[in-house]
Amino acid sequence: MMEKDTDLAIEVRGLSHHYGARCIYSDLNFTVPHGRVVALLGKNGVGKTTLIKILMGYLRPTGGICRVLGQQSHRLRAETRARIGLLFEGHLAYEFMTIEQIEAFYAPFYPKWRKDLYYDLVERMGLPKNHKIGNMSCGQRSQVVLGLIFAQDPDLMILDDYSMGLDAGYRHLFLDFLDRFLQEGNKTVFVTSHVVQDMEKLVDDVIFLERGGQVLQMPLADFSARFRCFSFQTPGDKAPQKDYIIRNVDLLGEAPKLFSFEPRQTVQDHLDAACPGVKLTQEMPMSLEDAFIGLTGKY
Amino acid sequence: MIKSIFLKEWLKLKRVWLLVLLLNLCCMAYLLIVIRHQFQIEHSEMIWYWSFELRRLLYDEIKYIPLLTGLVIAIAQYLPEMINHRFRLSLHLPLQAHLQVLIWIGFGALMGGVIALIDMASLYLIIKGWFPTEAAASALLTAAPWFLAGWVSYFGATLVMVEPHVPQRLVYLLMSLAFLALLYLEKGYQEYDHALPVMILLALLMAPAIILPVHRYRHRS
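Since the model is a prediction, treat every value here as computed from it, not as a measurement.

Parameters and conventions
Residues numbered from 1 in each chain as written. Chains lettered and ligands numbered in written order. Predicted model: local features only at pLDDT ≥ 70, side-chain atom pairs only at ≥ 80, totals over all residues. Helix = DSSP H or I, 4+ residues; strand = E, 2+ residues; numbered from the N terminus. Buried ≥ 20, exposed ≤ 12 C-beta atoms within 10 Å, placed from the backbone. Contact = placed C-beta atoms within 7 Å. Pairing = 2+ DSSP bridges. Axes fitted to C-alpha atoms, helices over the stretch in contact; angles between N-to-C directions. Core = buried A, V, L, I, M, F, W, Y, C linked by C-beta atoms within 7 Å. Parallel < 35°, antiparallel > 145°, perpendicular 65-115°, else oblique. Left-handed = near helix turned anticlockwise from the far one by under 90°. Nonpolar A, V, L, I, M, F, W, Y, C, P; charged D, E, K, R; others polar. Arc of directions from axis to C-beta.

**Some words on the overall build of chain B**
And step 1. Within chain B, the regular secondary structure consists of 9 helices and 0 strands.
And step 2. In terms of overall dimensions, chain B has a C-alpha envelope of 65 × 30 × 25 Å along the principal axes.
And step 3. Taken across its 221 residues, chain B has 32% of its residues classed as buried.
And step 4. Residue pairs at least 24 apart in sequence account for 83% of intrachain contacts in chain B once pairs closer than 6 positions are excluded.

**Focus on the pairing of strand β1 (residues 8–19) of chain A**
All names here are of chain A.
And step 1. As paired strands, β1 and strand β2 (residues 22–33) are joined by 8 bridges and run antiparallel to one another. Pairing of L15 across the sheet is with L28, part of β2.
And step 2. Following β1, the chain reverses through 2 residues before pairing antiparallel with β2; G20 in that reversal takes a positive phi of roughly 65 degrees.

**What to know about the sheet that holds strand β14 (residues 279–284) of chain A**
All names here are of chain A.
And step 1. Strand order across the open sheet formed by 4 strands is β12-β13-β11-β14, with antiparallel pairing between neighbours. Sheet topology places β12 (246–250) and β14 at the edges, where each strand pairs with a single neighbour. Each strand axis lies, on average, 30 degrees off the axis of its neighbour in the sheet, ignoring direction.
And step 2. Looking at chain direction, strand β11 (residues 228–233) and strand β13 (residues 257–260) are connected through 4 bridges and run antiparallel. In the sheet register, C229 faces β13, and the bridge partner there is F259.
And step 3. Helix α9 (residues 264–274) contacts β11, β13 and β14 of the sheet and is inclined by roughly 155 degrees relative to β14.
And step 4. Strands β11, β12 and β13 of the sheet are contacted by helix α10 (residues 288–296), whose axis makes an angle of about 100 degrees with β12.

**What about the environment of D176(A)?**
And step 1. Tracing the sequence through the fold places D176(A) in helix α6 (residues 168–182).
And step 2. Taking C-alpha positions, D176(A) is 9.2 Å from L202(A), a pair spaced 26 residues apart along the chain.

**With respect to the sheet that holds strand β4 (residues 63–68) of chain A**
And step 1. The 4 strands lie next to each other as β2-β1-β4-β5 (chain A), forming an open sheet whose pairing is antiparallel. Two strands in the sheet have a free side with no partner beyond their single neighbour: β2 and β5 (71–72) of chain A.

**Some thoughts on the nonpolar core**
And step 1. Counting 81 residues, the largest nonpolar core has A39(A), L55(A), I102(A), I158(A) and F190(A) as its most contacted members.
And step 2. Sorting elements by how many residues they give to this core places helix α5 (residues 138–152) of chain A first, with 7 residues.
And step 3. Apart from residues lying up to four places away in sequence, F190(A) is in contact with I10(A), V32(A), V38(A), L40(A), L55(A) and I158(A).
And step 4. Grouped together as the second largest cluster of nonpolar side chains are 43 residues, L13(B), W17(B), I105(B) and V162(B) included.

**A short note on the packing of helix α3 (residues 65–82) of chain B against helix α6 (residues 133–162) of chain B**
Residue and element names in this part refer to chain B.
And step 1. At a minimum axis distance of 7 Å, the contact between α3 and α6 shows a crossing angle of 25 degrees. Judged by the angle between their axes, α3 and α6 are roughly parallel. Judged by the sense of rotation from one axis to the other, the crossing of α3 with α6 is right-handed. Contacts from P66, L67, T69, G70, L71, I73, A74, I75, Y78 and M82 of α3 reach α6 at W146, F147, A149, G150, W151, S153, Y154, A157, T158, M161 and V162.
And step 2. Residues that form the contact of α3 with α6 fall into these classes: 16 nonpolar, 5 polar and no charged.

**Here we look at the interface of chain A and chain B**
And step 1. The partner chain B presents 20 residues to the 22 residues of chain A that form the contact.
And step 2. Breaking the side of chain A that touches chain B down by element, the ones donating at least two residues are α2 (78–81) and α3 (99–106) of chain A.
And step 3. Looking at the side of chain A that touches chain B residue by residue, the class counts come to 15 nonpolar, 4 polar and 3 charged.

**Quick word on the pairing of strand β6 (residues 84–87) of chain A**
All names here are of chain A.
And step 1. Of the two faces of β6, the one holding I84 and L86 and the one holding G85 and L87 are both buried throughout.
And step 2. Strand direction decides the pairing type here: β6 and strand β7 (residues 156–160), joined by 4 bridges, are parallel. Considered in β7, the bridge of L86 is made with I158.

**Remarks on α3(A)**
And step 1. Three or more residues of α3(A) are buried, namely I99(A), I102(A), E103(A), F105(A) and Y106(A). Down the axis, α3(A) shows its buried residues gathered within 160 degrees of arc, on one side only.
And step 2. The elements touched by buried residues of α3(A) are α4 (115–122) and α5 of chain A together with α1 (2–41) of chain B.

Below you can see the structure in the form of structure tokens.
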């Protein structure tokens, strides 16, 4: 078994995957150090689900390396799996079990099991212990699933689209509990979500996955500080194009905008050379969601 | 951990198992009533003639009940795992996947086996109520392939449900149907006596075969 002692919780090197003739990635590379909270963001169809399946060990990649806690993700040993908490899309759980039964079922598998954390979360719902999980709302089930992951006390959590099916209240509750749990320290989280806005408070780093497997990884603080949006005026129909300075151009909104990691003067100088006549007007404030769309585009 | 796995399987099965047990008991009660009725409306000599001269089976009402039992147990056990790919939850448990699934299949086969034993005891006692002990023992041997069909349908349905790839799933389905057809070829008493040990061995070999579809489910690239 290819195994490596490493400071990295997740290590993806030269990863490739194909579905038949369709290539999802050909050379995907990123790492997640221990103790970081990392969000994987990308538009639909870029291969987030495939990557999550590979990381969770349910898909053997066509090529390259994907190590989780130092072991190949599709060949994790049982004791390594005990250190990884998985949250499946849709808050998957054994619906035929009750609140009490599911705790009793999982407890013997995990040496560090913390029953108190599970019941701390679940008892807040005010449901009896014999309440069946299949009869819960998606929000209630998310509490049970999160409680089980916390009780497992994992070193690494892989949370696949935790926001799916949750209303704003349960989403915030989920994040609040997760945040409180992470304050205990030394936990690594790899999370995906369609609600980009939520990531703002939660994550340390962001990984933007683009079609074809191009990856942009950086601390969220750096991204927020460096990624800029400028409105611009252009004479006639001529509009600037995406290039190594201009990451994206949006002509669909009220005012045309362009996005760049470069400061205003550098962008203006670049425009003067590449697209004379185009003038930046003002720098626009952006939420993380605006920035995500600015980087990846609306289509 | 093993206790936990048994708990989960029992939670999935308990209601269905009790219902299936009740169905089997009703069928045995029906068989009892039918045979009793025959002895009330016909002379004993005539029934003896049907049974031992014409070799007509008096208890083929129960022929397909074990098959149905195996099928229902497999569905009750594996459908909750397969809906929404919930099987992934089990595969992430810190336990060898094949060991876990072998425990599942052992548990399901055992629960089906318990019902089969109850049926066999009932059949023996019902036949012994009107016929000599030799006829009751013969009934058990005659019905043995039908009871074996219970395990074959259980193992076959398990393989079909767990297998993630359609071509292999079809192979398992055809293989199981062919095996079942082989177990229902009899026209009279104890026709499978010589073949039965081999048939049992072949049926039991279907149990460890579950390891392959589980492996494919885990790494379906």
